[in-house]
Amino acid sequence: MFVTAALPYRGRFAPSPTGPLHFGSLIAALASCLEARCRGGEWLLRIEDVDTPRNVPGAAEAILRTLEAFGFAWDGPLRYQSHRAAAYEAALDVLRGQGLLYPCSCSRSEIAAAASRTAVDGGAVYPGTCRAGLRPGAEARAWRLRVDDAVVAFEDRLQGRIAQHLADEVGDFVLRRADGIHAYQLAVVVDDASQGITDIVRGADLLASTPRQLWLQRCLGYPRPAYAHLPVATNAAGEKWSKQTLAPALAAGKAASELVRALHFLGQAAPAELAAATVAEVWAWALANWSFAAIPRVPAISVPAIAA
């Protein structure tokens, strides 16, 4: 494993166009951008639209308009994962050549019936049914990456040491789905490496995915970025604010006050009167006063919704 700490800082924000940006999205965008700017680095924007059935028409354009209204400016060209299929296939070919990728004929119901353990993400740990080859008469549906009998661990800048035994807690995992779509785990790893991302600042809801990404980075010979997983905003029921839990969309007319609200969530001592300032004034204060050390070291914080 390699760490890219000696390289110039390069961060990113990578929303999925499954709906409008909400307060949880703003937290990740703001923290990742401020950390990049205050470290003298670049901040890239990537639209993670690889899971095409979940994309909402017009959502990507709405995300860009919202980010601009909230004062965000990104470096370099905008990247869309939906344009990156050839790069993902090339990575799969590398893994096949190493004997690390194999076809799998199992359906979700078959995996659930055969599995004896629940995975860290709530699904079933893959029992290895097709690891030694497809059953007679079976056809390949997905392609899986082999994992070994070892613990994958990393030191998160906010959440501390995270360790996962992939064989016990996940099993061999899918890199190309039965519908032919490249899995998120593959797309995010390939794109972070190709864009030279050195530092990933994102929500703690992705902590459970990170060891899989580290394993894939190792298999492909990619550098390992530094990780910081922010606390996620949750509702009164303890659910992460998201499109699925009906988080209100960010409103451009409330950009300054919502930016200040996000700064407070991130532990920053922004003065209350800043909420009545301009967006440019909020950014000026944030860039001059940003403190990564002030971010709460917890996985989640409950916050009420504010209607758009």
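### Quick notes on the pairing of strand 1 (residues 10-13)
Inference 1: In terms of strand pairing, strand 1 meets strand 2 (residues 42-47) through four bridges, oriented parallel. Note on strand 2: the bridge partner recorded for Arg-10 is Glu-42.
Inference 2: At this point the chain moves from strand 1, through helix 1 (residues 23-38), to the parallel strand 2, and the crossover so formed is right-handed.

### Focus on helix 2 (residues 59-69)
Each α-helix winds once per 3.6 residues, and so residues spaced three or four apart point in a common direction.
Inference 1: For helix 2, the set of buried residues is Ala-59, Ala-60, Ile-63, Leu-64, Thr-66 and Leu-67. Viewed end-on, helix 2 has its buried residues packed into an arc of 165°, placing them on one side of the element.
Inference 2: Where the residues of helix 2 are buried, they touch strand 1, helix 1, strand 2 and strand 3 (79-80).

### Focus: the nonpolar core
Inference 1: Within the largest apolar cluster, 48 residues are counted, with the highest numbers of intra-cluster contacts made by Leu-30, Phe-72, Leu-230 and Leu-266.
Inference 2: Sorting the residues of this core by element identifies helix 1, strand 2, helix 2, strand 10 (226-230), helix 8 (255-265) and helix 9 (279-289) as the ones contributing at least two each.
Inference 3: No other element matches helix 1, which puts ten residues into this core.
Inference 4: When residues no more than four places from it in sequence are discounted, the contact partners of Leu-30 are Phe-72, Leu-259, Ala-262, Leu-263, Leu-266 and Trp-283.

### Notes on the environment of Ala-60
Inference 1: Tracing the backbone shows Ala-60 in helix 2.
Inference 2: On a C-alpha basis, the gap between Ala-60 and Asp-49 in space is 8.6 Å, while along the polypeptide they are eleven residues apart.
Inference 3: Setting aside anything within four residues of it in sequence, one finds Ala-60 in contact with Pro-17, Ile-47 and Tyr-80.

### A short note on the confidence of the model for the protein
Inference 1: Predicted confidence across the protein gives a mean pLDDT of 94, with 97% of residues reaching 70 or more.
Inference 2: Between residues 1-5, whose pLDDT stays under 50, and residues either more than four places distant or in other chains, the model counts nine contacts.

Reading the values: rules and limits
- Residues numbered from 1 in each chain as written.
- Predicted model: local features only at pLDDT ≥ 70, side-chain atom pairs only at ≥ 80, totals over all residues.
- Heavy atoms only, no water.
- Pairing = 2+ DSSP bridges.
- Helix = DSSP H or I, 4+ residues; strand = E, 2+ residues; numbered from the N terminus.
- Right-handed = clockwise from strand over helix to strand, strands pointing away.
- Buried < 20%, exposed > 50% of the residue type's maximum accessible area, 1.4 Å probe, protein only.
- Arc of directions from axis to C-beta.
- Contact = heavy atoms within 4.5 Å.
- Core = buried A, V, L, I, M, F, W, Y, C linked by side-chain atoms within 4.5 Å.
- pLDDT = per-residue confidence, 0-100.

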